[in-house]
Amino acid sequence: MMQDTAEILSAIIARVRTSDPVNCRSWFDDLLVTEFAGGLLQIGCPDDVKAQYLQDRCLPVFTQSAQSITGHLVTVEFVVANRVSPARPDTSMSAVKLHPDYTFDNFVVGPCNRLAHASCVAVSHSPGTTYNPLFLYGNVGLGKTHLLHAVCHEALRQRPSISVQFLSCESFVNRFIAAIEQGTIADFQRALRTVDLLIIDDIQFLREREQSQEEFFHTFNALYNNHKQIILTSDSAPSDLAKLEERLISRFKWGLVTRLDAPGYETRVAIVQKKAGLRGLQLSEEIAQFIARQVHANIRELEGALTILYATAATANEPLTLPMAQQALGHQQPQREKQVTITDIINAVTRYYNIRPADLLSKRRSQSIALPRQVCMYLARNLTRHSLEEIGGHFGGRDHSTVLHACDKIDQLLQSDPTTRSQLAELTDAIQQP
Ligand code: ADP
Ligand code: MG
């Protein structure tokens, strides 16, 4: 039987790594046993965010592993081991617990999210004075929530006394309703209107909730007038938040509005490497590239793929190889769509608009050429796996911001103009014909 507590802990962690790969983190190596007596195994963590994470997400698997390794009934408890750095004063009333991994360090920056990242960094350094409000939008799984956590981590690191309210929009609504029912609306309002930093994630949930919108409107004004920072995220641009009051929409645009795009191939490879590293998993470049080619829509899916590979390697008890990865993820990909190339897109678009391929590559800016060129970029962005840089390269060596601009432009047209919508649908069909 093991006596050494360090040895016991590392055996527990080894077991946790195989039975719960989703929650495994490389910083598990920094844990230590602070007490082991009377059936209580107290595990010390480097900081309170990590202790919270373990307590919330990993308690059952640690307890089970501890019991089977020691052969005793054991209660596990996570504490902050090193109290040299004082525990954070409890000024933040956040309903959201910060995720230890959602930091700026762990966020991979690429053309798809550079502006969003930079604006979040700026806001975390000087809340209330740079961009207010900061409004981030983009599809699900592109890193909005991660950036919000990172802002909190960084703002709290720089100024531990800062008061923060970080709520999902749903919990804003639920707390508001509860406050009305319980007659505690004044407390609710005070709690929100006196903070330095208010973050509401997924503000699109305010749609069709008129009373909550009204309440949020006044919260917004109170904070804004006091130069307190407001950060909001949404699945769509402010102007596309139909059913939201116009006066709110216009306020959302007072500060900075930035969009997150789906990551291109290079960024996906870097994210896979980053995520693997966080779990203490070694991945060859070849395997990272393979994963990044398999999964492209959404970063959460990339993480799902990693978890599968992790479990595969752990079960086989062997280092991961490319054939293992191919086998594990191979049957994940039922779709057998045609691989669209940029040439397919150029062919279809030039035929459709009756122009020459050379026109697309030229510097000409007349609308009859500029629009088809933007359509090409948009389609290349959505139907191929090329990065923004690569796409720009295909169209006369334009840079990634030109491609992003083109995609924005077409996105806007798709929202506002039915003719563009039907043209794009027709083109997409033509391109995807096998
Ligand atoms: P959203 O809120 O936009 O739906 P999340 O912030 O929840 O997306 O991100 C989904 C997952 O993808 C998270 O695990 C997050 O850490 C990860 N992720 C997204 N973007 C990045 C990035 N640029 N670098 C590293 N991880 C990322
Ligand atoms: Mg989110």
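Please refer to the structure higher up on the page.
Residues numbered from 1 in each chain as written. Chains lettered and ligands numbered in written order. Predicted model: local features only at pLDDT ≥ 70, side-chain atom pairs only at ≥ 80, totals over all residues. Heavy atoms only, no water.

Chemist: Tell me about the overall build of the protein, residues and numbers included.
Modeler: Along the protein, the regular secondary structure elements total 18 helices and 8 strands. C-alpha atoms of the protein, sized along the principal axes, occupy 80 × 60 × 35 Å. Taken across its 434 residues, the protein has 49% of its residues classed as buried. Summarising the internal contacts of the protein: among those between residues at least 6 apart in sequence, 73% fall at separations of at least 24. Split by element, the accessible area of the protein, about 20,700 Å² in all, is 50% carbon and sulfur. Of the side chains in the protein, 42 bear a positive and 46 a negative charge, and the two mean positions are spaced by 6 Å. (Helix = DSSP H or I, 4+ residues; strand = E, 2+ residues; numbered from the N terminus. Buried < 20%, exposed > 50% of the residue type's maximum accessible area, 1.4 Å probe, protein only. Contact = heavy atoms within 4.5 Å. Areas by Shrake-Rupley, 256 points an atom, 1.4 Å probe, with all protein chains shown as cover. Lys, Arg positive; Asp, Glu negative; His and termini not counted. Charge placed at Lys NZ, Arg CZ, Asp CG, Glu CD.)

Chemist: Explain the site of ligand 1 to me, and be specific about the residues and the numbers.
Modeler: Near ligand 1 you find 18 residues, and of these Gly 141, His 146, Lys 275, Arg 300 and Glu 303 are the closest. Contacts to ligand 1 include Gly 143, whose backbone N or O atom sits 3.1 Å from an oxygen atom. Within the complex, the protein chains bury 96% of what would otherwise be the 560 Å² of accessible surface of ligand 1. Looking at the shell around ligand 1, the elements that each hand over two or more residues are α4 (144-158), α9 (265-278) and α11 (299-316). Each residue belonging to the shell around ligand 1 can be placed in one class, and the counts come to 7 nonpolar, 7 polar and 4 charged. (Near = heavy atom within 4 Å. Polar contact = N/O pair within 3.5 Å; in protein donor to acceptor, adjacent residues only side chain to side chain. Nonpolar A, V, L, I, M, F, W, Y, C, P; charged D, E, K, R; others polar.)

Chemist: Give a description of the packing of aromatic side chains that names residues and reports values.
Modeler: This structure, assessed with the given rule, holds 14 aromatic pairs. Where Phe 172 meets Phe 188, the ring centres are 5.8 Å apart and the plane angle is 55°; that geometry is what we call tilted. Taken together, the residues span a long stretch of sequence, with Phe 172 in helix α5 (residues 169-182) and Phe 188 in helix α6 (residues 185-193) at a distance of 16 residues. With relative accessibility at 0%, the residue Phe 172 sits in the buried group. Overall, Phe 188 belongs to the buried group, its relative accessible area being 9%. (Phe/Tyr/Trp six-rings, centres within 6.5 Å; stacked < 30°, edge-to-face > 60°.)

Chemist: Explain the packing of helix α15 (residues 367-383) against helix α18 (residues 418-432) to me, and be specific about the residues and the numbers.
Modeler: Where α15 meets α18, the axes come as close as 12 Å, and the angle between the chain directions of the two elements is 55°. Comparing their axes, α18 and α15 come out oblique. Read as a crossing pair, α15 and α18 show a hand that is right-handed. Of the residues in α18, those in contact with Val 375, Tyr 378, Leu 379 and Leu 383 of α15 are Leu 424, Leu 427, Thr 428, Ile 431 and Gln 432. Its residues assigned to classes, the contact of α15 with α18 shows 7 nonpolar, 2 polar and no charged. (Axes fitted to C-alpha atoms, helices over the stretch in contact; angles between N-to-C directions. Parallel < 35°, antiparallel > 145°, perpendicular 65-115°, else oblique. Left-handed = near helix turned anticlockwise from the far one by under 90°.)

Chemist: Could you give me a rundown of the nonpolar core, with the residues and numbers involved?
Modeler: One finds Ile 345, Val 349, Val 375, Leu 379 and Phe 395 to be the most contacted residues of the largest nonpolar core, which totals 30 residues. Sorting the residues of this core by element identifies α13 (342-353), α15, α16 (388-394), α17 (400-416) and α18 as the ones contributing at least two each. Sorting elements by how many residues they give to this core places α15 first, with 9 residues. The residues touching Phe 395, leaving out its near neighbours within four places in the chain, are Ile 342, Ile 346, Leu 360, Leu 361, Arg 373, Cys 376 and Met 377. Cys 169, Phe 220, Ile 249 and Phe 252 belong to the second-largest nonpolar core, a separate cluster that totals 27 residues. (Core = buried A, V, L, I, M, F, W, Y, C linked by side-chain atoms within 4.5 Å.)

Chemist: Can you lay out α4 for me, pointing to particular residues and giving the numbers?
Modeler: The terminal C-alpha atoms of α4, which comprises 15 residues, lie 21 Å apart, in line with the 21 Å expected from a rise of 1.5 Å per residue. Of all 15 residues that make up α4, 12 are buried, and the element is covered over most of its length. (Expected span 1.5 Å × (residues − 1).)

Chemist: Help me get a handle on the pairing of strand β2 (residues 40-45), residues and values and all.
Modeler: Most of β2 is tucked away: 5 of the 6 residues are buried. Relative to β2, strand β1 (residues 32-37) runs antiparallel, the two sharing 5 bridges. Paired with Phe 36 across the two strands is Leu 41, which belongs to β2. The turn linking β1 back onto β2 is made up of 2 residues, and Gly 38 within it adopts a positive phi angle of 55°. Direction of pairing for β2 relative to strand β3 (residues 75-80): parallel, over a ladder of 6 bridges. Bridge pairing links Ile 43 to Phe 78 in β3. (Pairing = 2+ DSSP bridges.)

Chemist: Which residues make up the sheet that holds β1, and what values do they have?
Modeler: Across the sheet, 3 strands lie side by side as β1-β2-β3; this open sheet has mixed pairing. Both edges of this open sheet fall to β1 and β3, since each of them pairs with a single strand only. Neighbouring strand axes in the sheet, compared pairwise and without regard to direction, differ in orientation by 20° on average. Across the sheet, helix α1 (residues 5-19) touches β1 and β2, and the angle it forms with β1 is around 110°. Set on the sheet, helix α2 (residues 48-70) makes contact with β1, β2 and β3; between it and β3 the angle comes to about 150°.

Chemist: Lay out the sheet that holds strand β6 (residues 197-201) in plain terms, naming residues and giving numbers.
Modeler: Across the sheet, which stays open at both edges, the 5 strands sit in the order β5-β6-β7-β4-β8 with parallel pairing between neighbours. Of all strands in the sheet, those with a lone pairing partner are β5 (164-168) and β8 (256-259), marking the two edges. Within the sheet, the average angular offset between the axes of one strand and its neighbour, ignoring direction, is 10°. Both strand β4 (residues 134-137) and strand β7 (residues 229-234) contribute to a ladder of 4 bridges, which runs parallel. The partner of Phe 135 across the bridge, within β7, is Leu 232. Sitting on the sheet, α4 is in contact with β4, β5, β6 and β7, with an inclination near 165° to β6.

Chemist: Hey, could you go over the pattern of salt bridges for me, with residue numbers and the actual values?
Modeler: In total, this model carries 18 salt bridges according to the counting rule given. Among the salt bridges present, the one from Lys 275 reaches Glu 303, with a minimum N-O distance of 3.6 Å. In this pair, Lys 275 is assigned in helix α9 and Glu 303 in helix α11, connecting sequence segments 28 residues apart. For Lys 275, a relative accessible area of 10% corresponds to the buried category. With a shortest N-O distance of 2.9 Å, Asp 359 and Arg 356 are connected by a salt bridge. (Salt bridge = Lys/Arg side-chain N within 4 Å of Asp/Glu carboxyl O.)

These figures come from the coordinates and say nothing about function on their own.
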